[in-house]
Amino acid sequence: MRYAKRGPLRFTSHRDFARAFERALRRAGVPIAFSQGFTPHPKISYASAAPTGVASEAEYLEIGLREPVDPARLRGALDAALSPGLDVLDAVVAQGGSLADRIEASHWRIEMPQVEPAALDRAVAAFTAADEVLVERMTKQGRRTFDARAAVMRIDVAPPVATPSEAPDVPCAILELVVRQVIPSVRPDDVLSGLRVVADLEPPVSPRVTRLAQGTLTAQGAIVDPLDADRDGASIGER
């Protein structure tokens with residue numbers, strides 16, 4: 001299944017979404033399968049969830065069912081059971097293989113209010129020219145230093161659009177990234193830290209980050225929806 005986190009619901013943590021999704025399964029009467037053992041859990045597997053505070057049009061999960069269910073009805077029932085802003089967009093019957101193995105890269109858009117596009121252009125040029133860009137981030141294993149440059153497959157300054165951040169009469173630079181899945185993962189805020197390292201670019205207000213797509217990478221660098229491998233005419237498309 002593919003779902004979106006939009007608007008204020010982008011601040012929903014992964015744990016909060018998981019609880020909301022389990023409640024939606026119960027409200028929708030989905031015949032969810034459970035694990036075996038002393039503490040059975042619903043069979044739900046999440047693939048590469050976006051960080052809290054990040055909007056997304058391309059989050060993915062798998063569920064196990066006790067019996068066949070029509071994907072269109074399942075998508076509609078779950079979407080109706082979730083709060084607006086947590087939107088189920090697509091559902092297909094899995095044909096085998098791991099969904100997580102089909103997530104190789106993500107496409108991100110970062111809106112940067114009060115940043116001039118020319119300043120972002122200069123920072124992107126410096127980032128691209130660097131052999132490596134070392135940044136620090138606190139992880140579960142403690143503070144780690146890693147290269148934010150190597151995982152970035154593409155980084156571009158997008159053409160400006162009309163008040164993308166809903167803030168009229170101020171500049172707003174827009175950055176688009178394609179970032180490969182690596183360990184440790186390189187997140188959009190790591191790339192922003194890298195722009196600060198190479199070009200001293202410091203957005204005066206918090207950028208707004210949206211994941212536009214994630215999936216497998218083609219030889220041309222395009223991202224393919226991981227559900228495409230399972231489509232057999234039973235899928236339900238985005239609203």
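Everything discussed here concerns the structure shown above.
Description of the structure in this document. None of the values given here were measured: they were computed from a predicted structure.

1. Remarks on the nonpolar core
1) Next: One finds M112, L120, I155, L175, L177 and L195 to be the most contacted residues of the largest nonpolar core, which totals 28 residues.
2) Next: Secondary-structure elements contributing two or more residues to this core are β5 (105-113), α3 (117-129), β8 (152-158), β9 (172-180) and α4 (188-199).
3) Next: Apart from residues no more than four positions distant in its own chain, L177 is found in contact with S106, H107, W108, I110, R154, I155, P188 and V191.
4) Next: Residues F17, A24, I32 and V88 belong to the second largest nonpolar core, which totals 19 residues.

2. Considerations on the packing of aromatic side chains
1) Next: Evaluation of the coordinates by the stated rule reveals 3 aromatic pairs.
2) Next: Arranged with centres 6.2 Å apart and planes meeting at 80 degrees, the rings of F17 and Y46 form a pair that is edge-to-face. Of this pair, F17 sits in helix α1 (residues 14-27) while Y46 sits in strand β2 (residues 44-47), and the two are 29 residues apart along the sequence.
3) Next: On the accessibility criterion, F17 (1% relative accessible area) is buried.

3. Remarks on the environment of P188
1) Next: Topologically, P188 is positioned in helix α4.
2) Next: On the basis of relative accessibility, which here comes to 3%, the residue P188 falls in the buried class.
3) Next: A C-alpha to C-alpha distance of 9.9 Å links P188 and H107, two positions 81 residues apart in sequence.
4) Next: With sequence-adjacent residues up to four places away left out, P188 is seen in contact with W108, I110, L177 and V209.

4. Some points on empty space enclosed by the protein
1) Next: Taken as a whole and judged by the stated rule, the model has 1 cavity of 30 Å³ or more.
2) Next: If you add up the space inside the largest cavity, you get close to 40 Å³.
3) Next: In terms of lining residues, the largest cavity is bounded by Y3, K5, S13, H14, F17, A49, A50 and E59.
4) Next: Contributing elements (two or more residues each) for the lining of the largest cavity: β1 (2-5) and α1.
5) Next: Here the lining of the largest cavity is composed, by residue class, of 4 nonpolar, 2 polar and 2 charged.

5. Some details on the pattern of salt bridges
1) Next: The tally for this structure, following the rule as stated, stands at 14 salt bridges.
2) Next: Residue D16 pairs with R19 through a salt bridge whose shortest N-O separation is 2.4 Å. Separated by 3 residues within a single helix, D16 and R19 lie in helix α1, roughly one turn from each other.
3) Next: When its relative accessible area of 35% is taken as the criterion, D16 is described as partly exposed.
4) Next: Classification of R19 by relative accessible area gives partly exposed; the value is 43%.

6. Regarding the pairing of strand β10 (residues 208-217)
1) Next: Two strands pair when backbone bridges link them, and strand β3 (residues 55-63) and β10 are joined in this way by 2 bridges, in the parallel orientation. For A55, the partnering residue across the bridge sits in β10 and is T210.
2) Next: Judged from the 7 bridges that link them, β5 and β10 form a sheet pairing that is antiparallel. Its bridge partner being in β10, A105 is matched across the sheet by G215.
3) Next: Relative to strand β11 (residues 223-224), β10 runs antiparallel, the two being bridged by 2 bridges.

7. Some points on unusual backbone geometry
1) Next: Here the residue pair I183 and P184 is connected by a cis peptide bond, since its omega of -5 degrees sits within 30 degrees of zero.
2) Next: Along the chain, P184 turns up in the loop between β9 and α4.
3) Next: Not every positive phi belongs to a glycine, and D200 is a case in point at roughly 55 degrees.
4) Next: Within the secondary structure, D200 sits in the loop between α4 and β10.

8. Topic: the layout of surface pockets
1) Next: Within this model, the largest pocket holds a volume of roughly 510 Å³.
2) Next: Along the wall of the largest pocket there are 20 residues; nearest its centre are A49, P51, R137, S185 and R187.
3) Next: Where the lining of the largest pocket is concerned, the elements lending two or more residues are β5, β6 (134-139) and β9.
4) Next: Across the lining of the largest pocket, the residue classes tally to 9 nonpolar, 6 polar and 5 charged.
5) Next: The volume enclosed by the second largest pocket comes to roughly 360 Å³.
6) Next: Residue lining of the second largest pocket: 19 residues in total, with M1, I63, V92, V93 and A94 positioned closest to the centre.
7) Next: At the level of elements, β3 and α2 (71-81) are the ones that each hand at least two residues to the lining of the second largest pocket.
8) Next: Top element by residues in the lining of the second largest pocket is β3. It accounts for 3 residues.
9) Next: Among the residues forming the lining of the second largest pocket, the class breakdown is 14 nonpolar, 1 polar and 4 charged.

About the criteria used
- Residues numbered from 1 in each chain as written.
- Predicted model: local features only at pLDDT ≥ 70, side-chain atom pairs only at ≥ 80, totals over all residues.
- Heavy atoms only, no water.
- Core = buried A, V, L, I, M, F, W, Y, C linked by side-chain atoms within 4.5 Å.
- Buried < 20%, exposed > 50% of the residue type's maximum accessible area, 1.4 Å probe, protein only.
- Helix = DSSP H or I, 4+ residues; strand = E, 2+ residues; numbered from the N terminus.
- Contact = heavy atoms within 4.5 Å.
- Phe/Tyr/Trp six-rings, centres within 6.5 Å; stacked < 30°, edge-to-face > 60°.
- 1 Å grid on protein atoms, 1.4 Å probe; cavity = no way out; pocket = protein on both sides within 12 Å on 5 of 7 lines; lining within 4 Å.
- Points joined across faces, edges and corners; volume = space filled by probe spheres on them.
- Nonpolar A, V, L, I, M, F, W, Y, C, P; charged D, E, K, R; others polar.
- Salt bridge = Lys/Arg side-chain N within 4 Å of Asp/Glu carboxyl O.
- Pairing = 2+ DSSP bridges.

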